[in-house]
Number of protein chains: 2
Amino acid sequence: MRTHYCGQVTAADLDQTVTLCGWVLRRRDHGGVIFIDLRDREGLVQVVCDPDRPEMFATAESIRNEFVLQITGKVRRRPAGTENANLVSGEIEVLCHEIEVLNASVTPPFQIDDDNLSETVRLTHRVLDLRRPQMQKNLMLRYKVAMAFRRFLDTNGFIDVETPMLTKSTPEGARDYLVPSRVHPGQFFALPQSPQLFKQLLMVAGYDRYYQITKCFRDEDLRADRQPEFTQIDLETSFMNEIEITGLVEEMVRFVFKESLDVELPNPFPRMTYAEAMRRYGSDKPDLRVTLELTEVTDAVREVAFKVFSGPANSGGRVAAMRVPGGATLTRGEIDEYTRFVGIYGARGLAYIKVNDASQPNEQGLQSPIVKNLSEDALRAILERTGAQSGDLIFFGADKAKVVNDALGALRVKLGHEKGFVTGEAWTPVWVVDFPMFEYDEEDKRWTACHHPFTSPKDEHLDLLESDPGACLAKAYDLALNGWEIGGGSVRIHRADIQSKVFRALNIDEEEARIKFGFLLDALKYGAPPHGGLAFGLDRIVTLMTGAESIRDVIAFPKTQRAQCLLTDAPGDVDERQLRELHIRLRQKVETQVEIAKN
Amino acid sequence: MRTHYCGQVTAADLDQTVTLCGWVLRRRDHGGVIFIDLRDREGLVQVVCDPDRPEMFATAESIRNEFVLQITGKVRRRPAGTENANLVSGEIEVLCHEIEVLNASVTPPFQIDDDNLSETVRLTHRVLDLRRPQMQKNLMLRYKVAMAFRRFLDTNGFIDVETPMLTKSTPEGARDYLVPSRVHPGQFFALPQSPQLFKQLLMVAGYDRYYQITKCFRDEDLRADRQPEFTQIDLETSFMNEIEITGLVEEMVRFVFKESLDVELPNPFPRMTYAEAMRRYGSDKPDLRVTLELTEVTDAVREVAFKVFSGPANSGGRVAAMRVPGGATLTRGEIDEYTRFVGIYGARGLAYIKVNDASQPNEQGLQSPIVKNLSEDALRAILERTGAQSGDLIFFGADKAKVVNDALGALRVKLGHEKGFVTGEAWTPVWVVDFPMFEYDEEDKRWTACHHPFTSPKDEHLDLLESDPGACLAKAYDLALNGWEIGGGSVRIHRADIQSKVFRALNIDEEEARIKFGFLLDALKYGAPPHGGLAFGLDRIVTLMTGAESIRDVIAFPKTQRAQCLLTDAPGDVDERQLRELHIRLRQKVETQVEIAKN
């Protein structure tokens with residue numbers, strides 16, 4: 001039906017007769033001539049309709065925006081001065097000989113190149129929204145990225161093995177989506193939160209190198225960067241250690257960035273322990289584009305009169321400082337705004353010191369309501385450790401370590417980007433390694449797995465599993481990019497005895513372990529090889545690459561934050577007959593209807 | 001951890017020191033020396049442990065089947081006469097210097113190279129079953145096939161766009177798997193039976209060429225070649241007609257067979273109308289390896305006394321003959337067996353005539369209980385049309401057309417393969433085209449869509465939509481291979497007015513259409529391009545390619561025919577708390593438990 005894509009006709013085709021198919025982006029009547037911007041996946045081309053072909057011209061007069069046309073015409077150079085350098089086809093235009101209207105269109109609710117649409121409008125009219133060039137670019141890039149991953153993995157001996165969607169709940173900690181079974185009354189499948197256990201089983205089964213680009217599901221309350229279903233690039237390999245796995249993976253990430261964005265990422269990626277990342281950046285996914293750093297001052301403020309500092313310092317909390325070079329010029333209003341900002345992360349305030357004279361660690365040199373309650377020793381330590389200079393400002397966080405890290409970590413990124421404390425690098429990948437095996441759940445009073453319960457402890461920390469779980473580090477690694485965690489993984493436990501010890505540390509007794517992961521424990525008994533792997537969040541990587549505001553802009557048919565599809569109106573009601581076949585009924589129908597009405 | 005895969009060490013590595021990782025398939029002690037067959041994904045290698053390295057030898061003595069080893073040793077030529085031509089590594093062996101036991105194994109429930117295991121044992125111990133070389137070959141081939149499809153589609157400008165798994169029920173006719181919504185009480189997502197509507201929306205959105213290799217779901221009673229979740233290679237293109245689409249697709253199939261099996265399929269594939277396929281083969285997926293054919297004799301037997309023939313012939317049924325060359329030698333026992341066989345397909349008997357003398361269309365030349373009730377004219381017509389020769393046998397089917405086609409179609413394939421009526425070709429693809437738009441549902445007394453309600457009627461049949469729906473043919477095409485339907489598709493309706501007409505023919509009123517497919521109807525209004533596509537069943541294609549007995553042999557973690565995963569024991573029970581969160585409860589708990597006990 002066509003000889004070229006609209007967006008790919010160039011001066012190389014001059015004087016050729018071409019046939020094009022596409023959508024009318026815009027029709028302009030100018031000096032008795034009709035100009036049509038014809039659009040397809042590859043871009044725009046200008047079509048010129050002269051009145052000297054009356055039949056064709058009459059058709060041209062009838063067309064409206066978003067009509068689907070097939071046109072045949074001759075490629076000619078645009079008149080001098082009317083070229084459009086923004087278009088691949090910008091030097092030429094097509095003098096139309098024939099038009100066929102392949103389909104008409106009613107007037108769309110918005111103009112396709114309108115960039116100021118609400119998300120609700122966009123998601124409701126998603127089909128038209130998907131015609132926007134930015135969305136087409138995003139989804140094409142997404143494909144390019146996925147294919148680059150596949151090509152690298154294929155070349156490196158990984159094979160794609162599909163794992164089940166209808167499966168058993170896996171212990172990822174989030175809420176499962178459940179699927180009632182018709183054949184087995186009262187029983188349910190779960191949609192996978194990840195293929196974790198299956199990929200480990202494939203290693204035990206000797207498949208050696210596995211990958212999959214697959215949908216995973218979590219029924220969680222949604223945040224800006226979450227969707228009920230998301231896409232994971234999941235891989236696992238046998239007979240490789242932590243260093244080899246992360247080495248291969250970063251080679252892959254470099255390949256993907258080079259192939260899809262023509263960007264050279266550093267070689268090698270910097271590596272940092274979890275402890276260092278938290279200490280210096282308050283985050284296990286530090287944005288290394290930002291130059292600001294946190295400074296530990298907990299030990300220096302234990303004795304001070306200022307209870308806001310000495311309290312947390314003496315009860316296992318953290319007190320950290322963040323020097324802002326030249327920050328003494330920050331206005332009261334700006335500081336108030338930052339104070340509100342850290343409040344989001346649970347900080348009850350944002351103490352600060354303006355450094356007027358760095359040589360005087362006292363009320364003469366420092367300007368702040370808190371200075372008089374801090375000892376000169378403490379102030380000297382703060383100035384020395386932060387390296388503060390006259391004219392700087394120092395922000396403080398003092399609370400439970402988590403609150404301090406979350407609050408100052410976020411402030412660091414916000415302030416860094418707003419005030420230009422950045423390195424200028426576009427892409428700053430970093431491996432964060434040596435994660436703790438466990439974190440203590442204060443509510444449940446027990447240790448939980450930081451990564452998941454199949455993560456291997458470091459060889460030299462095996463004894464700590466019993467004696468000091470909190471100090472036990474894992475062979476786990478995350479890859480952060482520009483402050484986003486884009487991938488994470490670990491070397492897994494391949495020995496049944498160590499897996500049992502980890503379950504004991506997690507207070508999972510044998511019966512529970514057997515019910516939940518019996519098939520994995522069985523598999524470990526039959527010659528499991530050393531293995532490990534990693535999973536990437538494809539949605540996030542592409543969001544970062546496109547600079548999109550939301551992962552919804554890199555997903556063709558996303559759900560809203562209320563887990564709805566505005567296009568198809570899913571979820572929806574179902575027949576009573578269907579529920580009966582599935583052996584379930586709705587709970588409190590009346591209450592339900594009230595709820596629906598409310599929503 | 002290794003320098004080579006076990007299965008890839010060859011004479012090219014002679015005198016090299018290699019390090020290998022793998023599983024012990026078998027250990028043999030022979031003349032004071034220990035031989036280990038070490039296995040990995042790529043195959044086997046023979047490792048020889050001499051007692052002159054006592055430490056290594058002691059380890060070798062401790063190992064058992066399925067232990068995971070890392071061994072280092074020197075490649076040497078096997079002694080003359082002990083080579084194994086079946087192995088890539090068959091000319092060499094590795095003289096072991098060091099062994100490390102990476103993991104032990106308890107005694108497996110079966111030997112990995114045992115080919116006589118029940119399916120229940122295999123699925124219960126799937127991890128060990130997946131170690132069997134045949135399963136590894138199957139899954140590797142599956143990957144190779146999927147990648148070949150991707151490569152072809154990528155090269156031809158198709159882009160992979162992911163469509164939702166949590167969606168609204170699509171009208172494929174089968175039962176949906178439902179997923180209760182937590183956020184929207186009383187509402188449900190459906191898992192997709194196919195991405196049909198989404199891929200059409202992507203065409204309307206201008207993505208031009210789409211593909212996806214994706215999971216689809218049908219909650220149906222399972223047959224040998226069905227799974228609750230199956231994998232579809234799904235594609236759609238704009239601005240191409242039926243001939244162009246099938247042309248591109250068969251080029252793809254040739255590419256995939258060449259790449260993954262090194263097989264050359266015919267170019268072009270033969271094409272046949274649905275009507276011809278039913279007439280000659282009684283099937284819309286004819287196995288063209290079989291040379292036997294059906295012959296239409298309905299019109300020739302309308303007047304005969306034999307009611308078994310004249311009844312169906314005069315009431316819209318079909319009477320067909322199938323000539324079996326030389327079939328007069330079939331025994332009474334064989335004919336009885338075939339009679340039982342056609343009974344499976346609803347045939348109430350299997351009439352036949354043995355042709356002793358083809359020149360005498362009467363009781364002298366023909367041997368059969370039915371001959372005396374057939375007129376000489378009828379018998380002459382039968383002999384002429386079938387081309388029967390002396391020594392042949394003719395089988396008959398006489399019933400509703402569906403019963404005759406199913407029964408004789410199946411008999412044709414069975415008898416053809418059993419008795420060698422085959423062309424000798426290994427692969428016989430064939431396009432079946434010009435499907436009817438509608439078939440009449442006798443139970444519901446209404447027309448239903450043969451393909452799906454978005455299939456375009458042939459341009460010249462638009463008027464038949466109202467006047468004679470049964471005669472209206474569709475732009476639909478199936479690709480059959482060796483008697484299996486491996487793919488099917490159609491050109492879709494891209495005009496809203498024609499879509500409305502088709503809904504009317506299907507007795508779907510406007511309100512129902514709006515509720516079920518409103519978003520598609522909306523999309524058609526905004527400039528839908530001409531488009532069409534096709535979907536392949538990956539599981540089936542790979543099953544055919546491997547010659548596996550069941551699609552379960554080409555799926556890593558399949559469900560049983562009762563839709564259960566014997567490995568993970570899914571589906572399973574869930575907490576009352578989870579049900580409460582999902583606003584559902586189990587129906588009649590007591591009854592449910594009785595049901596479970598029964599199963």
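Quick caveat: nothing in here was measured; it's all calculated off a predicted structure.

About the cut-offs
Residues numbered from 1 in each chain as written. Chains lettered and ligands numbered in written order. Predicted model: local features only at pLDDT ≥ 70, side-chain atom pairs only at ≥ 80, totals over all residues. Heavy atoms only, no water. Helix = DSSP H or I, 4+ residues; strand = E, 2+ residues; numbered from the N terminus. Buried < 20%, exposed > 50% of the residue type's maximum accessible area, 1.4 Å probe, protein only. Contact = heavy atoms within 4.5 Å. Areas by Shrake-Rupley, 256 points an atom, 1.4 Å probe, with all protein chains shown as cover. Lys, Arg positive; Asp, Glu negative; His and termini not counted. Charge placed at Lys NZ, Arg CZ, Asp CG, Glu CD. Buried area = accessible area lost by both parts, 1.4 Å probe. Salt bridge = Lys/Arg side-chain N within 4 Å of Asp/Glu carboxyl O. Least-squares fit on C-alpha atoms with pLDDT ≥ 70 in both. Pairing = 2+ DSSP bridges. Axes fitted to C-alpha atoms, helices over the stretch in contact; angles between N-to-C directions. Disulfide = S-S within 2.5 Å. Arc of directions from axis to C-beta. Parallel < 35°, antiparallel > 145°, perpendicular 65-115°, else oblique. Left-handed = near helix turned anticlockwise from the far one by under 90°. Nonpolar A, V, L, I, M, F, W, Y, C, P; charged D, E, K, R; others polar. Core = buried A, V, L, I, M, F, W, Y, C linked by side-chain atoms within 4.5 Å. Expected span 1.5 Å × (residues − 1). UniProt positions renumbered as here; feature names shortened; annotations may be inferred. Phe/Tyr/Trp six-rings, centres within 6.5 Å; stacked < 30°, edge-to-face > 60°. Lys NZ or Arg CZ within 6 Å of the ring centre and 35° of its normal.

When you go through chain A residue by residue, the secondary structure sums to 17 helices and 23 strands. Its C-alpha atoms put chain A at 90 × 70 × 55 Å along the principal axes. Here chain A holds 599 residues, and the buried ones make up 58% of them. Expressed as a percentage of contacts within chain A between residues at least 6 apart in sequence, the contacts between residues at least 24 apart total 67%. Summed over all atoms, the accessible surface of chain A reaches about 24,300 Å², with 47% contributed by carbon and sulfur. Here chain A contributes 74 positively and 90 negatively charged side chains, and the mean placements of these two sets differ by 2 Å.

Taken together, the contacts link 121 residues of chain A with 121 residues of chain B. In this assembly, chain A packs against chain B so that about 11,000 Å² is buried in total across both faces, 60% of it on carbon and sulfur atoms. The largest per-residue losses of area from chain A upon contact with chain B belong to Phe-239, Tyr-526 and Arg-587 of chain A, which jointly make up 8% of the total buried on that side. Put simply, chain A and chain B have twelve salt bridges between them. Close ionic contact of Glu-162 of chain A with Arg-142 of chain B constitutes a salt bridge, the shortest N to O distance being 2.8 Å. Ranked by residues supplied to the side of chain A that touches chain B, first place goes to helix H4 (residues 133–155) of chain A with nine residues.

By the secondary structure assignment, Gly-206 of chain B is in the loop between helix H5 (196–204) and strand S9 (209–217). Each C-alpha atom of the pair Gly-206 of chain B and Ser-238 of chain B lies 8.2 Å from the other, and the pair is 32 residues apart in sequence. If we skip the residues at most four places from it in the chain, Gly-206 of chain B touches Trp-23, Arg-41 and Gln-136 of chain A.

So, about the relation of the copies chain A and chain B. Rotating chain A by 180° and moving it 0.0 Å along the rotation axis overlays it on chain B with an RMSD of 0.2 Å. Accordingly, the operation relating the two chain copies is best matched by a two-fold axis. Of the interface residues in chain A, 100% have counterparts in chain B that sit at the interface too, so the contact is made through matching surfaces.

Turning our attention to the sheet that holds strand S1 (residues 17–30) of chain A. Sheets are built from strands that pair by backbone hydrogen bonding, the pairs being arranged parallel or antiparallel. All names here are of chain A. Here we have five strands rolled up into a closed barrel, ordered S1-S2-S3-S5-S4, and mixed in their pairing. In this sheet, adjacent strand axes meet at a mean angle of 55° when their direction is disregarded. Note that strand S4 (residues 68–77) and strand S5 (residues 92–103) share ten bridges and pair antiparallel. Along S5, the bridge assignment pairs Leu-69 with Val-101. Each of S1, strand S2 (33–40), strand S3 (43–49) and S5 touches helix H1 (residues 54–62); the most contacted strand, S5, lies at about 70° to it.

All names here are of chain A. Following the sequence through the fold, Leu-44 ends up in strand S3. Between the alpha carbons of Leu-44 and Gly-7 there is a distance of 4.7 Å; along the sequence they are 37 residues apart. For Leu-44, the residues in contact, after removing those within four places along its chain, are Cys-6, Gly-7, Leu-25, Asp-37, Leu-38, Arg-39, Leu-87 and Ser-89.

A separate point is the state of the cysteines. Per the stated rule, a full pass over the model turns up zero disulfides over all chains. Here Cys-21 of chain A stays free of any disulfide, with the sulfur of Cys-6 of chain A as its closest cysteine sulfur at 7.7 Å. Not part of a disulfide, Cys-49 of chain B finds its nearest cysteine sulfur in Cys-96 of chain B, a span of 4.2 Å. With relative accessibility at 0%, the residue Cys-49 of chain B sits in the buried group.

This part covers helix H13 (residues 496–505) of chain B. Residue and element names in this part refer to chain B. Taken together, the buried positions of H13 are occupied by Ile-498, Gln-499, Val-502, Phe-503 and Ala-505. One side of H13 carries all its buried residues, which in axial view fall inside an arc of 160°. Just beyond H13, the residue with positive phi is Asn-507, at close to 65°.

Below, the discussion takes up the sheet that holds strand S22 (residues 531–537) of chain B. Residue and element names in this part refer to chain B. The eight strands lie next to each other as S6-S9-S10-S22-S21-S20-S17-S11, forming an open sheet whose pairing is mixed. Only two strands of the sheet have a single partner each, and these edge strands are strand S6 (159–160) and strand S11 (271–273). Two strands pair when backbone bridges link them, and S6 and S9 are joined in this way by two bridges, in the parallel orientation. Note that in S9 the partner of Asp-160 across the bridge is Tyr-211. Sheet contacts for H5: S9, strand S10 (229–238) and S22; angle to S10, the most-contacted strand, approximately 20°.

Attention now moves to the packing of H13 of chain B against helix H14 (residues 510–525) of chain B. Residues and elements named next belong to chain B. It is the contact of H13 with H14, at a shortest axis distance of 10 Å, that shows an interaxial angle of 160°. Our classification of the angle between H13 and H14 gives roughly antiparallel. Like other packed secondary-structure pairs, H13 and H14 cross with a definite hand, here right-handed. Contacts between H13 and H14 involve Ala-496, Gln-499 and Phe-503 from the former and Ala-513, Phe-517, Leu-521 and Leu-524 from the latter. Split into classes, the residues belonging to the contact of H13 with H14 amount to six nonpolar, one polar and no charged.

In this section: the pairing of S5 of chain A. Pairing between S3 of chain A and S5 of chain A: two bridges, direction parallel. Paired with Val-48 of chain A across the two strands is Leu-95 of chain A, which belongs to S5 of chain A.

Right, let's get into the pairing of strand S19 (residues 446–449) of chain B. The two faces of the sheet receive side chains in turn, since in a regular strand these alternate between them. All names here are of chain B. Pairing between strand S18 (residues 438–441) and S19: four bridges, direction antiparallel. Directly across from Phe-438, in S19, lies its bridge partner Ala-449. Linking S18 back to S19 in an antiparallel pair, the connection comprises four residues, with Lys-445 at a positive phi of about 55°.

Right, let's get into the nonpolar core. Residues Phe-536 of chain A together with Phe-536 of chain B are the most contacted members of the largest nonpolar core, which totals 202 residues. The residues contacting Phe-536 of chain B, other than those within four sequence positions of it, are Phe-149, Thr-231, Gln-232, Ile-233, Val-249, Met-252, Val-253, Leu-479, Ile-486, Gly-487 and Ile-541 of chain B.

Okay, helix H11 (residues 401–419) of chain B next. Residue and element names in this part refer to chain B. When the terminal C-alpha atoms of H11 are compared, their 26 Å separation across 19 residues agrees well with the 27 Å that a helix rising 1.5 Å per residue should span. Within H11 the residues assigned to the buried category are Val-403, Val-404, Asn-405, Ala-407, Leu-408, Gly-409, Ala-410, Leu-411, Arg-412, Lys-414, Leu-415 and Gly-416. On its buried face, H11 sits against helix H7 (274–281), strand S12 (294–296), strand S13 (318–324), helix H9 (332–343) and strand S16 (393–399). Of the residues trailing H11, Gly-420 is marked for its positive phi of about 80°.

Bringing the UniProt feature "binding site: L-aspartate" (unreviewed entry) in chain A into the picture now. Residues and elements named next belong to chain A. Annotation from UniProt places "binding site: L-aspartate" (unreviewed entry) at Glu-172, Arg-218, His-451 and Arg-492. Structurally, the position occupied by Arg-218 is in the loop between strand S9 (209–217) and strand S10 (229–238). According to the relative accessible area criterion, Arg-218 is partly exposed, its value standing at 22%. Judged by relative accessible area, Arg-492 falls into the buried class, the value being 2%.

Backbone torsion omega between Asn-267 of chain A and Pro-268 of chain A reads 0°, so that peptide bond is classified as cis. Mapped onto the fold, Pro-268 of chain A is located in the loop between helix H6 (242–261) and strand S11 (271–273). Residue Pro-571 of chain B is reached from Ala-570 of chain B by a cis peptide bond, and omega for that bond is 0°. For Pro-571 of chain B, the position within the fold is in the loop between helix H15 (538–546) and helix H16 (576–581).

Here we take up the side chain of Asn-482 of chain B. Residue and element names in this part refer to chain B. Secondary-structure assignment places Asn-482 in the loop between strand S20 (476–481) and strand S21 (484–491). Take Asn-482: its relative accessible area is 5%, and that puts it in the buried class. Look past the residues within four positions of Asn-482 in its chain and what remains in contact with it is Asp-287, Arg-289, Ala-426, Trp-427, Thr-428 and Leu-544.

All names here are of chain A. Scanning the model with the defined rule gives 112 salt bridges over all chains in all. The salt bridge involving Asp-29 is made with Arg-27; its shortest N-O contact spans 3.1 Å. Shared partners join several salt bridges into a network, and the residues in it are Asp-115, Arg-122, Arg-126, Asp-129, Arg-132 and Asp-553.

This brings us to the packing of aromatic side chains. Under the defined criterion, the tally for this structure stands at 34 aromatic pairs over all chains. Here Phe-149 of chain B and Phe-536 of chain B contribute two aromatic rings whose centre-to-centre distance is 5.6 Å and whose plane-to-plane angle is 40°, an arrangement assigned as tilted. Taken together, the residues Phe-149 of chain B in helix H4 (residues 133–155) and Phe-536 of chain B in strand S22 connect sequence positions 387 residues apart. For Phe-536 of chain B, a relative accessible area of 1% corresponds to the buried category. Through successive ring pairs, a cluster of aromatic residues spans Phe-306, Phe-309 and Phe-396 of chain A. Over the face of the ring belonging to Phe-269 of chain A we find Arg-254 of chain A, whose NZ or CZ atom lies 5.3 Å from the ring centre. One residue, Lys-414 of chain A, lies across the ring of Phe-341 of chain A, its end atom 4.9 Å from the ring centre.

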